[in-house]
Each structure stands twice: as structure tokens, then as C-alpha cells.
Amino acid sequence: MNPDINFSTVLASSVHDMKNSLALVLQQLEEVSAQTQGSAVGSKVAQLHYEAQRINANLVQLLHLYRHQQQQTVVNIELHFIDEIIEELVLNNEFYLQQKGIELSLQVEQPCMAYCDRDLISNLLNDIIVNAMRYTADKLEIVASQQADQQVLIEVSDNGPGYPAAMLAAASNKASPLCADYSRTGLGLYFARQIAASHQRSGKKGQITLKNGGNLGGSVFKLVLP
């Protein structure tokens, strides 16, 4: 093996290229979905679109974690409308929601504003929504509100079986390593924790919490942005 080749750098470059190619695949699937909606083929296209979204989320996480390890992470904090971010995420996943008959409830204050990195927060929330769609029985709820101290609270809930006990324990232990159970995103949990903590303002840090129960009785993911 050539000692001059840095495998981690090559991997990061490959991940970036794969992400760009996958973005094109997602775009093509969305165009096909518009032509097959309501048909048996439409359901299969929706599943393909969903799986491509999951792959894309994993690639985004890998790229971010590489940059974090190399201390190359750049957080672009600006004032953004959270309701606009959520609206865009819902539109991105609308086809799968319709094909799978998932009832979506949105309770988003308007305006709801936060100082954040739009791309990072969008990627974080998309990963949570994609996993909630996978595990829900048939209901999904997204709530966003501006708190009295100007922090923003975002919750994503479903009526599925809830988070495994091991993941709840890992989420409550901020010093814990990556969870070994990647099926319900141990990597995603680590990614979410890193992204939330990178948002700091007025002496406060962003944070995430996981629990079971809530209005729908399944899993509840909570993100607080300072």
C-alpha cells in the first residue's frame, strides 16, 4: 500500500462524490414518483426514495464526523425561520408519507426563529424524520415553538414501538461512546448530539433528549436550540 495515501481523506472525498450522485438519484426518483403516484409502482418508488434518503443521511453524518475529527467543521450561525426549514423537510418526504398512509400533524409557531446553521439542522432533523417514518405505525407529529427565554424547542414524535432501552440510556449519558445498535441510529444519535452542542449562544448550548410516550405514545425526539 502506498504510504503517501491517506485513507481517511480518500474516504471523505469518495463520500462527497457519492452524496452528489445520490442527490441526482433522489431528484430523478421524485420526478418518477410524480408519474407513478397512486399506482402499485408508486409504492415501490416511494420505498426506493426513502432508502435513498437514509443512505444520504448516513453519508452526511460520515462526512460531518470526518470533518469533526479533523477539526475542519465550520458552523455558519445565522438567524433562520424554523417553520421554513420544517416545511422544506416535509415537502422532501411528502411522497413517502402519502404512499405509506402516514398521518402528519404539524404544530409549528409562525414565526419561529433560531440562530443556527441551516444545513446542519436540516440534516439533523431530516435524519430524525426519516427514522420516525420508518418506525411509526401510522402517525407522525412535529412541534416547534419559541420558548420564553427565546430558545427554540423542536419535537418529533411517532406512534411506533418507541426507542430501545439501550438507546435511551446512551442518550441520557452524554459521555457515552457510539451506541452499538445502529439499527435505530446510534450513529445518528452521536451526530445529533455533536450538531446540537455546536450551537452555542448566550452561555447556552443546544441539546437533544430522547424519551418514549408523548402525545402519540411512541418515540419522542427533542431538540433545543439556544
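Right above here is the structure, for reference.
Not measured: the values here are computed from a predicted model.

Caption draft 1: Highlighting the overall build of the protein. Assigned secondary structure in the protein consists of seven helices and nine strands. By the burial criterion, 44% of the 226 residues in the protein qualify as buried. In the protein, the proportion of contacts linking residues at least 24 apart, taken out of those at least 6 apart, comes to 70%. Here the protein displays about 11800 Å² of accessible surface, and carbon together with sulfur accounts for 51% of that area.

Caption draft 2: Region of the structure containing the sheet that holds strand β8 (residues 207-213). The strand order across the open sheet formed by five strands is β2-β4-β5-β9-β8, and the pairing between neighbours is mixed. The open sheet has two edge strands, β2 (103-108) and β8, and neither has a second partner. Pairwise comparison of adjacent strand axes, ignoring direction, gives a mean angle of 10° for this sheet. Pairing geometry for β2 and strand β4 (residues 139-146), over six bridges, is parallel. Looking across to β4, one finds that Q107 is bridged to V143. Packing against the sheet, helix α3 (residues 82-92) makes contact with β2, β4, β5 (152-158) and β9 (218-225), and its axis sits at approximately 170° to β2.

Caption draft 3: Region of the structure containing unusual backbone geometry. A cis amide bond, omega 0°, links Q110 with the succeeding residue P111. Summarising the element assignment, P111 is placed in the loop between β2 and β3 (113-116). Residues other than glycine seldom take positive phi values, yet S202 does so here, at roughly 55°.

Caption draft 4: Fine view of a nonpolar patch on the surface. Residues I77, L79 and Y115 make up a contiguous nonpolar surface patch of about 250 Å² in total accessible area. When you line up the elements, Y115 lands in strand β3. Relative accessible area serves as the criterion here: at 35%, Y115 is assigned to the partly exposed category.

Caption draft 5: Representation of helix α5 (residues 118-135) within the structure. An ideal rise of 1.5 Å per residue puts 26 Å on 18 residues; α5 measures up with 26 Å between its terminal C-alpha atoms. Buried residues dominate α5, accounting for 13 of its 18 residues.

Parameters and conventions
- Residues numbered from 1 in each chain as written.
- Predicted model: local features only at pLDDT ≥ 70, side-chain atom pairs only at ≥ 80, totals over all residues.
- Heavy atoms only, no water.
- Helix = DSSP H or I, 4+ residues; strand = E, 2+ residues; numbered from the N terminus.
- Buried < 20%, exposed > 50% of the residue type's maximum accessible area, 1.4 Å probe, protein only.
- Contact = heavy atoms within 4.5 Å.
- Areas by Shrake-Rupley, 256 points an atom, 1.4 Å probe, with all protein chains shown as cover.
- Pairing = 2+ DSSP bridges.
- Axes fitted to C-alpha atoms, helices over the stretch in contact; angles between N-to-C directions.
- Patch = residues over 30% accessible without salt bridge, like charges linked within 9 Å, V, L, I, M, F, W, Y side chains within 5 Å.
- Salt bridge = Lys/Arg side-chain N within 4 Å of Asp/Glu carboxyl O.
- Expected span 1.5 Å × (residues − 1).

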